[in-house]
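# A closer look at the structure
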Amino acid sequence: MKKACCVALGGALGAVPAAAGIGMYLDPLVRASTDNKAGLKVRVTTLDALPSDGVPRQFKVLASHVDAWTKTPETPIGAVVLLRTSDAQKPVKAFNVACPHAGCFVAYVAQIPDLTPATPGYFCPCHNSSFKLDGQIARAGSPAARGLDELECSIQNGNEVWVTYQNFQAGTAEKVPLGA
Ligand code: FES
């Protein structure tokens, strides 16, 4: 009888930290900051910061890290390019600036090098991949096997631009979220 009581008591005490751990994992704040596969929804800027003529602009993506004990101040976790579109349903497009070839940052260029006629887009200086404004590969023989990684983007509270920030595997033709 005494032995049975000890076993029951030990099991109950062991269940307390396990339940606390499960509760912490289910907390949406903790989950959102650690699960890159699902992406992290962040407010990036406001609509008035984007040129109305569709020229893209680059923004840092800032986020706080939340764990069981602390919440760190906002720090950069990556960057995106945002551009306005003529689509009323989807007025802003967002791309991760990490080049899908090997992860260098691409930058907007008014004219993609060695492409005629003159075409604006994005250029990666590491191995010369280039992409059109819609993110598609601009030139045959591109080192990158896929276009830029588009991210979910929405307008909230009238003019706030929110992006679901995610990173994807480099060097693959498919868009595979890191952590998948
Ligand atoms: S990392 Fe961009 S072309 Fe290689």
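Everything quoted here is computed from the prediction, not taken from an experiment.

The subject of this paragraph is the pattern of salt bridges. Scanning the entire structure with this criterion turns up five salt bridges. Ionic pairing is found between Glu160 and Arg43, a salt bridge with its closest N-O pair at 3.7 Å. Of this pair, Glu160 sits in strand E10 (residues 160-165) while Arg43 sits in strand E1 (residues 40-46); the two residues are 117 residues apart in sequence, bridging distant segments of the chain. The exposure class assigned to Glu160 is buried, which follows from its relative accessible area of 18%. The partly exposed category is assigned to Arg43, whose relative accessible area is 43%. Each of Lys90, Lys93 and Glu150 takes part in one network of salt bridges that share partners.

Another aspect to go through is the pairing of E10. Burial within E10 is extensive, with five of its six residues counted as buried. In terms of strand pairing, E1 meets E10 through six bridges, oriented antiparallel. For Leu40, the partnering residue across the bridge sits in E10 and is Tyr165.

The next subject is unusual backbone geometry. Cis geometry marks the peptide bond from Thr116 to Pro117; its omega dihedral reads -5°. Backbone geometry at Asp114 places phi at a positive 60°, although glycine is not the residue there. Positionally, Asp114 belongs in the loop between strand E5 (107-109) and strand E6 (121-123). On the basis of relative accessible area, Asp114 is assigned to the exposed category, the value being 72%. For Asn157, which is not a glycine, the phi torsion comes out positive at approximately 55°. Turning to its location among the elements, Asn157 is positioned in the loop between strand E9 (153-156) and E10.

Quick look at the nonpolar core now. Ranked by size, the top nonpolar core spans 19 residues in total, and within it Val80, Leu82 and Val163 carry the most contacts. Of all the secondary structure elements, the ones that give two or more residues to this core are E1, strand E2 (57-63), strand E3 (75-84), strand E4 (92-96) and E10. Apart from the residues within four sequence positions on either side, Val80 is in contact with Val44, Arg57, Gln58, Phe59, Val61, Phe95, Asn96, Val97, Leu151, Val163 and Tyr165. Core analysis: the next-biggest nonpolar cluster, separate from the first, contains 12 residues, Val81, Val97, Phe131 and Ala144 among them.

Within the open sheet, the three strands sit side by side as E1-E10-E9. Their pairing is antiparallel. Edge strands, defined here as strands with exactly one partner in the open sheet, are E1 and E9. The average angle at which neighbouring strand axes cross in this sheet is 30°, direction not considered. Pairing between E9 and E10: four bridges, direction antiparallel. Looking at E10, one finds that Gln156 is bridged to Glu160.

Attention now moves to the state of the cysteines. As enumerated under the stated definition, the model contains one disulfide in all. Between the sulfur atoms of Cys104 and its disulfide mate Cys126 the distance is 2.0 Å. Because the torsion about its S-S bond is -95°, the bridge between Cys104 and Cys126 counts as left-handed. In this pair, Cys104 is assigned in the loop between E4 and E5 and Cys126 in the loop between E6 and strand E7 (130-132), connecting sequence segments 22 residues apart.

The rules we used
- Residues numbered from 1 in each chain as written.
- Predicted model: local features only at pLDDT ≥ 70, side-chain atom pairs only at ≥ 80, totals over all residues.
- Heavy atoms only, no water.
- Salt bridge = Lys/Arg side-chain N within 4 Å of Asp/Glu carboxyl O.
- Helix = DSSP H or I, 4+ residues; strand = E, 2+ residues; numbered from the N terminus.
- Buried < 20%, exposed > 50% of the residue type's maximum accessible area, 1.4 Å probe, protein only.
- Pairing = 2+ DSSP bridges.
- Core = buried A, V, L, I, M, F, W, Y, C linked by side-chain atoms within 4.5 Å.
- Contact = heavy atoms within 4.5 Å.
- Axes fitted to C-alpha atoms, helices over the stretch in contact; angles between N-to-C directions.
- Disulfide = S-S within 2.5 Å.

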